Amino acid sequence: MNQTPDKNAYHRPVMVDEVVDLLRPVPDGIIVDATYGGGGHSRALARQLGHPILAIDRDPDAASLSAGVRARNFRDLASLLEEEGVDEISGALFDLGVSSHQLDEPARGFSYRTHGPLDMRMGPDAATAAGEMVNEWDENDLARILRTLGEERFADRVARAIVRARPIRDTVQLADVVRDAIPAATRRTGGHPARRTFQALRIAVNEELGALGSGLDAAVDSLTPGGRCVVISYHSLEDRIVKRRFLSGSQGCV
Ligand SMILES: C[S@@+](CC[C@H](N)C(=O)[O-])C[C@H]1O[C@@H](n2cnc3c(N)ncnc32)[C@H](O)[C@@H]1O
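Since the model is a prediction, treat every value here as computed from it, not as a measurement.

## Quick look at the side chain of Ser222
Piece 1. Along the chain, the position of Ser222 falls in helix 12 (residues 208-222).
Piece 2. According to the relative accessible area criterion, Ser222 is buried, its value standing at 12%.
Piece 3. Look past the residues within four positions of Ser222 in its chain and what remains in contact with it is Leu81, Asp87, Glu88 and Ile89.

Below, the structure written as structure tokens:
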């Protein structure tokens, strides 16, 4: 991983004013930024609200941007809070998905637009790189993750094409195989034809949905009365997990 990323170009944070406004009413205390990235949200929260920030990112590139950012997976938030001696938090922010730095760095393998290795690991804690799934997984297992994590209508066709094209060594080679497997009429709609396959592989490689469930549980369970948890999610699978967790967290409260 790149150890000297440019802090300014790392990531442009989204919805900064909304995040600050949503966390403005929380009581004094620590706000967890579970997805530090380029630190834009952390800096805005610290500057505008004055809360101490406990920042986390599983990517060592992000964690190296600022002293004190914990290079951890938010899946382990409960144990991290315990290690830090933090019993309660006032707020938490999860800005899910990948940063621009991760997408724009070809060596990370997240982008279907530039040549890169089939990696897609957000951090060293991810056990399996995308290349292993693409080149070694059983066709049915591949089709299953394309369907469930990529919501790819043509999951079976894409999985079959991937298995036939092995070995696939590179992101653009994979993107071309996927594009050719998708019917021409569909290729012209809904963005790049490889987008859903890359999303599925990335979520699987990083076990993102399991991490989200555990991280949210820890954050919501640690909130002080009046505390808030804010999540910026980018697709329906994340959205569903967040809504369910917030709904169950709100039941039984007075
Ligand atoms: C969209 S970026 C966050 C950008 C950030 N809010 C900012 O202001 O620059 C998402 C970040 O979350 C990190 N991330 C994703 N899943 C994570 C997890 N399970 N644990 C810790 N960090 C995670 C990624 O490495 C990436 O740096």
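Right, picking up where we left off after that structure.
## Some points on the sheet that holds strand 1 (residues 31-33)
Piece 1. Taken together, four strands build an open sheet; the order of strands is 2-1-3-4 and the sheet is parallel. Across the chains shown, the open sheet's two edge strands, defined by having one partner strand only, are strand 2 (53-55) and strand 4 (223-232). With strand direction ignored, the average angle separating the axes of adjacent strands in the sheet is 15 degrees.
Piece 2. Judged from the three bridges that link them, strand 1 and strand 2 form a sheet pairing that is parallel. Note on strand 2: the bridge partner recorded for Ile31 is Ile53.
Piece 3. The strands touched by helix 1 (residues 16-23) are strand 1, strand 3 (89-95) and strand 4; relative to strand 4, the strand with the most contacts, the crossing angle is about 165 degrees.
Piece 4. Packing of helix 12 onto the sheet brings it into contact with strand 3 and strand 4, and relative to strand 4 it is tilted by some 150 degrees.

Basis of the calculations
- Residues numbered from 1 in each chain as written.
- Predicted model: local features only at pLDDT ≥ 70, side-chain atom pairs only at ≥ 80, totals over all residues.
- Heavy atoms only, no water.
- Helix = DSSP H or I, 4+ residues; strand = E, 2+ residues; numbered from the N terminus.
- Buried < 20%, exposed > 50% of the residue type's maximum accessible area, 1.4 Å probe, protein only.
- Contact = heavy atoms within 4.5 Å.
- Pairing = 2+ DSSP bridges.
- Axes fitted to C-alpha atoms, helices over the stretch in contact; angles between N-to-C directions.

Keep in mind these numbers describe shape, not what the thing actually does.
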